[in-house]
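Residue-level listing of the chains:
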Amino acid sequence: MQEILSSFALTEAKLEPFGSGLINRTWKVYAPERNYILQRINEDVFKQPQDIAYNVRLIADYLQKKYPLYHFVAPLNAASGDDIIWYKNGWFRLMPFVEDSFTMDVVTTPEQAYEAARQFGKFTRLLSGFDATQLKITIPQFHDLGLRYQQFLDAIVNGNELRKRESRNLINELLYHKCIVEQYQLMVSNPEFKLRVTHHDTKISNVLFDQNNKGICVIDLDTLMPGYYISDVGDMIRTYVSPVSEEECDVEKIVVREDFYISIIAGYSDEMKDQLTAMEKKQFLFSGKFMTYMQALRFLTDYLNNDVYYGAKYEGHNLVRAKNQMTLLKRLREIDGN
Ligand code: GN1
Ligand code: MG
């Protein structure tokens, strides 16, 4: 690690693991002058890490020109001039650590939900003049529910036999909710449904807050791609409305906190109301069901495929996560009985 840091001319730095992401590895770097964030990009997931760097550069240039006051955290250049470097067996990048900022792993107040939603809405709004199709696709069909459903069907056929038997009830429940896939496909075929610059990973830990609990900016731009707003709002609903996270095994604790739900819609709408079409504005609740269903499918698919994607900290981990998401989906469906 010290050698990687020296490619960024940091010789006397110490580092420690940082954050709770499932995909990339992250460290906080303590250097004498200032602190940094170092990340190793997971190449099993991001097949072309240079594409991430390309996207971030495009967006950084655009925002710098149009909105120079927006706090955008861009990767730093190594001595070689590159903002992403190959070292031995992986791709690494270094970013400045934003001092006096903090991140959180769980949303405890509706105000936090509002602030975060506002930051994600603001980000998409500031980029509304930017042609989203210029962005490289860092994970093809990442939030394509049709594909995720198909991968689930494949896992039911080809997956681990023992795990298939053990998950039979949950498999049936997920199959039963297939209408969400049909609703999604119908929706995205409607020209009133717009492709925009979309973050695709709007968990609360991807928002930087200042000491007054106000949002500063969004981070983790690996999945920045053209997409639909239901991905961003839906993932906030999925990850903010319940008092417990996707890791919780006691499903009794999973409930929808309606004030948090309302705050997400308010925060996002305060930035995006002039951008969203009338048809899009009707899909807030659907967005939560869409993302929660997709995450349940992805966790169960991974369980059936022996945890190759998300990994597992204990036996049955991805099954627990999938059941958790299925429970949250049921709670969301109770809101409008649909
Ligand atoms: C992954 O690595 P992390 O935690 O930021 C995943 C998201 C999932 C999330 C579930 C590239 O995000 O799509 O919603 O886990 N990212 C990728 O916790 O697959
Ligand atoms: Mg992420």
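Residues numbered from 1 in each chain as written. Chains lettered and ligands numbered in written order. Predicted model: local features only at pLDDT ≥ 70, side-chain atom pairs only at ≥ 80, totals over all residues. Heavy atoms only, no water.

## Section: the coordination of the magnesium ion (ligand 2)
1) Next: For the magnesium ion (ligand 2), the full set of protein donor atoms is D201 (OD) and D220 (OD), and the range of their distances to it is 1.9 to 2.3 Å. Within this pair, whereas D201 is found in the loop between β6 (196–198) and β7 (207–209), its partner D220 is found in the loop between β8 (215–218) and β9 (225–227), the two being separated by 19 residues in sequence.
2) Next: Since its relative accessible area comes to 25%, D220 is described here as partly exposed. (Donors = N, O, S within 2.8 Å, 3.2 Å for Na, K, Ca; no water. Helix = DSSP H or I, 4+ residues; strand = E, 2+ residues; numbered from the N terminus. Buried < 20%, exposed > 50% of the residue type's maximum accessible area, 1.4 Å probe, protein only.)

## Considering the pairing of β8
1) Next: In the sheet, β7 pairs with β8 via three bridges, with the strands oriented antiparallel. What sits directly across from V207, in β8, is V218.
2) Next: Counting the residues between successive antiparallel strands, the hairpin from β7 to β8 contains five residues, one of them, N213, with a positive phi of roughly 65°. (Pairing = 2+ DSSP bridges.)

## With respect to the packing of aromatic side chains
1) Next: The tally for this structure, following the rule as stated, stands at 15 aromatic pairs.
2) Next: Ring centres 5.4 Å apart and planes at 40° place the aromatic pair F193 and Y228 in the tilted group. In this pair, F193 is assigned in the loop between α7 (179–188) and β6 and Y228 in the loop between β9 and α8 (229–240), connecting sequence segments 35 residues apart.
3) Next: On the basis of relative accessibility, which here comes to 18%, the residue Y228 falls in the buried class.
4) Next: Feature note: the residues F193, Y228, Y229, Y268 and F284 constitute an aromatic cluster, connected by ring pairs. (Phe/Tyr/Trp six-rings, centres within 6.5 Å; stacked < 30°, edge-to-face > 60°.)

## Examining the site of ligand 1
1) Next: Close to ligand 1 lie 16 residues; K203, E246, Q295, R298 and Y309 are nearest.
2) Next: Take L22: an N or O atom from its main chain is 3.0 Å from an oxygen atom of ligand 1.
3) Next: Within the side chain of R238, a nitrogen or oxygen atom sits 3.3 Å from an oxygen atom of ligand 1.
4) Next: Coverage of ligand 1 by the protein chains reaches 94% of its 440 Å² of free accessible surface. (Near = heavy atom within 4 Å. Polar contact = N/O pair within 3.5 Å; in protein donor to acceptor, adjacent residues only side chain to side chain. Areas by Shrake-Rupley, 256 points an atom, 1.4 Å probe, with all protein chains shown as cover.)

## Here's the deal with the domain arrangement of the chain
1) Next: Domain annotation for the chain reports domain 1 (2–96) and domain 2 (110–336).
2) Next: Placing a centre on the C-alpha atoms of domain 1 and another on those of domain 2 gives a separation of 26 Å.
3) Next: Opposite the 20 residues of domain 1 that make contact, domain 2 presents 26 residues.
4) Next: Counting each side, the surface lost to burial between domain 1 and domain 2 is near 2200 Å², with a carbon and sulfur contribution of 69%.
5) Next: At the junction of domain 1 and domain 2, the tally comes to one salt bridge.
6) Next: Between D222 and R93 there is a salt bridge; the shortest N-O distance is 2.8 Å.
7) Next: If you look at where domain 1 meets domain 2, you find four residue pairs in polar contact (both at pLDDT 80 or more).
8) Next: Ranked by residue count, the leading element in the side of domain 1 that touches domain 2 is helix α2 (residues 49–66), at nine residues.
9) Next: Here the residues of the side of domain 1 that touches domain 2 sort into 15 nonpolar, three polar and two charged. (Domains from an automatic or database assignment. Contact = heavy atoms within 4.5 Å. Buried area = accessible area lost by both parts, 1.4 Å probe. Salt bridge = Lys/Arg side-chain N within 4 Å of Asp/Glu carboxyl O. Nonpolar A, V, L, I, M, F, W, Y, C, P; charged D, E, K, R; others polar.)

## Some points on the environment of N55
1) Next: Turning to its location among the elements, N55 is positioned in helix α2.
2) Next: A sequence separation of 83 residues divides N55 from T138, and the C-alpha atoms of the two residues are 8.9 Å apart.
3) Next: Not counting residues up to four positions away in its chain, the partners in contact with N55 are L135, K136, T138 and L224.

## A few points about the sheet that holds strand β1 (residues 14–17)
1) Next: Reading across from one edge, β1-β2-β3-β5-β4 is the order of the five strands in this open sheet, with antiparallel pairing throughout. The open sheet has two edge strands with one neighbour each: β1 and β4 (85–87). Neighbour to neighbour, the strand axes of the sheet diverge by 35° on average, direction disregarded.
2) Next: Across six bridges, strand β3 (residues 35–41) lies against strand β5 (residues 90–96) in antiparallel orientation. Bridging across to β5, I41 finds its partner in W91. (Axes fitted to C-alpha atoms, helices over the stretch in contact; angles between N-to-C directions.)

## Focus: the packing of helix α6 (residues 168–176) against helix α11 (residues 284–304)
1) Next: Direction vectors running N to C along α6 and α11 enclose 145°, while the axes themselves pass 11 Å from each other. Along this stretch, α6 crosses α11, giving a crossing that reads as left-handed. The residues of α11 that touch α6, namely those facing L170, I171 and L174, are Y293, A296, L297, L300 and L304.
2) Next: A class-by-class count of the residues in the contact of α6 with α11 yields eight nonpolar, no polar and no charged. (Left-handed = near helix turned anticlockwise from the far one by under 90°.)

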